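# Breakdown of the fold
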Amino acid sequence: GYDSLRTYNLTGRGVKSYKMPGIYQPAVYAEADKLYFVANSSLYSFDGEKIEWLFSWQNKVPQLFFLQKTNRGFVGFTQKNQPYAYQLSPGKAMPIALFEKGTLIQDINETNNQIWVGTTKGAYCFDKWLKPAFGGYCFFEERSISRITCDREGTFWFASLDKGIFKVPNLETRLFPYQDEAI
């Protein structure tokens, strides 16, 4: 919610509300037993019973829409404000340049121990240190990618906002479009 976290008991025992320390931003990261979120230039954790302040940063950062845990610590991502990513640490949020200007980030998720970012200009993959994977290759660079996932057989699925869903059985395979000319 805008100013509180709410938990729903799946056994029908109702809803609990926990007052949030500030105004909520959409930047949330969930683990099996904890939820991490950003509010008022601070990072908090929630274990289902209590909200705990972890640290704050002083510098001004645009609204964060995504939060990702990496080997570098927590990184917050804006949706459309360059430099798009900020290394969050006590005292300061350091900008990280990952994408060219004019990119709109639509989704960030962790799949197969990699961090996938869906943008209006394709999909990008990073390792847990935020180093570009696959040589920095942009998957479906002419497409607006809204979600990336991998099924149990290792096939990747890229959902786009403009051309449907792309199934990729092997990420090393590349598609090269050509004109209607004989090969």
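For the structure itself, look to the data block above.
Procedures and definitions
Residues numbered from 1 in each chain as written. Predicted model: local features only at pLDDT ≥ 70, side-chain atom pairs only at ≥ 80, totals over all residues. Heavy atoms only, no water. Helix = DSSP H or I, 4+ residues; strand = E, 2+ residues; numbered from the N terminus. Buried < 20%, exposed > 50% of the residue type's maximum accessible area, 1.4 Å probe, protein only. Contact = heavy atoms within 4.5 Å. Areas by Shrake-Rupley, 256 points an atom, 1.4 Å probe, with all protein chains shown as cover. Lys, Arg positive; Asp, Glu negative; His and termini not counted. Charge placed at Lys NZ, Arg CZ, Asp CG, Glu CD. Pairing = 2+ DSSP bridges. Axes fitted to C-alpha atoms, helices over the stretch in contact; angles between N-to-C directions. Core = buried A, V, L, I, M, F, W, Y, C linked by side-chain atoms within 4.5 Å. Phe/Tyr/Trp six-rings, centres within 6.5 Å; stacked < 30°, edge-to-face > 60°. Disulfide = S-S within 2.5 Å.

## Quick look at the overall build of the protein
Scanning the protein from N- to C-terminus turns up 0 helices and 16 strands. Counting only C-alpha atoms and orienting by the principal axes, one finds that the protein spans roughly 65 × 45 × 25 Å. Counting only residues that meet the buried cut, the protein has 38% of its 183 residues in that class. Within the protein, contacts between residues separated by at least 24 positions form 33% of all contacts whose residues are at least 6 apart in sequence. When the accessible surface of the protein is summed, it comes to about 11,000 Å², and 52% of that surface belongs to carbon and sulfur atoms. In the protein, 21 positive and 18 negative side-chain charges are present, and the distance between their average locations comes to 8 Å.

## Focus on the sheet that holds strand β15 (residues 156–160)
With antiparallel pairing, the 3 strands of this open sheet are ordered in space as β14-β15-β16. Two strands bound the open sheet, and with one partner strand each, they are β14 (145–150) and β16 (165–168). Pairwise comparison of adjacent strand axes, ignoring direction, gives a mean angle of 15° for this sheet. The sheet contact formed by β14 and β15 spans 5 bridges and is antiparallel. Counterpart to isoleucine 148 in the pairing with β15 is phenylalanine 158.

## Description of the sheet that holds strand β11 (residues 105–111)
Strand order in the open sheet formed by 3 strands is β11-β12-β13, and the pairing between neighbours is antiparallel. Only two strands of the sheet have a single neighbouring strand rather than two, namely β11 and β13 (122–126). Strand-to-strand twist in this sheet, taken as the mean axis angle between neighbours without regard to direction, amounts to 20°. Bridge analysis of β11 against strand β12 (residues 114–119) gives 6 bridges, and the strand direction is antiparallel. Bridge pairing links threonine 111 to glutamine 114 in β12.

## A closer look at the nonpolar core
Of all hydrophobic cores here, the largest spans 15 residues; its most connected members are Phe77, Phe99, Ile105, Ile108, Phe126 and Leu130. Of all the secondary structure elements, the ones that give two or more residues to this core are β8 (73–77), β9 (84–89), β11, β12 and β13. Residue contacts for phenylalanine 99: discarding those within four places in its chain leaves Gln82, Tyr84, Ile105, Val117, Tyr124 and Phe126. Formed by 14 residues, the second largest nonpolar core is a distinct cluster that contains Ala27, Tyr36, Leu43 and Val61.

## Some remarks on the packing of aromatic side chains
In the structure shown here, the tally under the stated rule is 19 aromatic pairs. With a centroid separation of 6.1 Å and an interplanar angle of 75°, the aromatic rings of tyrosine 29 and phenylalanine 74 are classed as edge-to-face. Here tyrosine 29 is found in strand β3 (residues 24–30), whereas its partner phenylalanine 74 is found in strand β8, with 45 residues between them in sequence. A residue is classified by how much of its surface remains accessible, and tyrosine 29, at 13% relative accessible area, is buried. A relative accessible area of 10% means that phenylalanine 74 is categorised as buried.

## Overview of the state of the cysteines
Enumeration over the complete set of coordinates arrives at 0 disulfides. With no disulfide of its own, cysteine 138 has cysteine 125 as its nearest cysteine by sulfur position, at a separation of 12 Å. Its relative accessible area of 12% is what places cysteine 138 among the buried residues. The thiol of cysteine 150 is unpaired, and the distance to the nearest cysteine sulfur, on cysteine 125, comes to 11 Å. Look at cysteine 150 and you get buried, because its relative accessible area is 16%.

## Let's talk about unusual backbone geometry
Following glutamine 82, the chain continues to proline 83 via a peptide bond in cis, the omega torsion being 20°. Inspection of the secondary structure assignment puts proline 83 in the loop between β8 and β9. Phi is positive for asparagine 113, which is not a glycine, with a value near 60°. For asparagine 113, the location among the structural elements is in the loop between β11 and β12. Of note, phenylalanine 134 is a non-glycine position whose phi angle comes to about 55°, a positive value.

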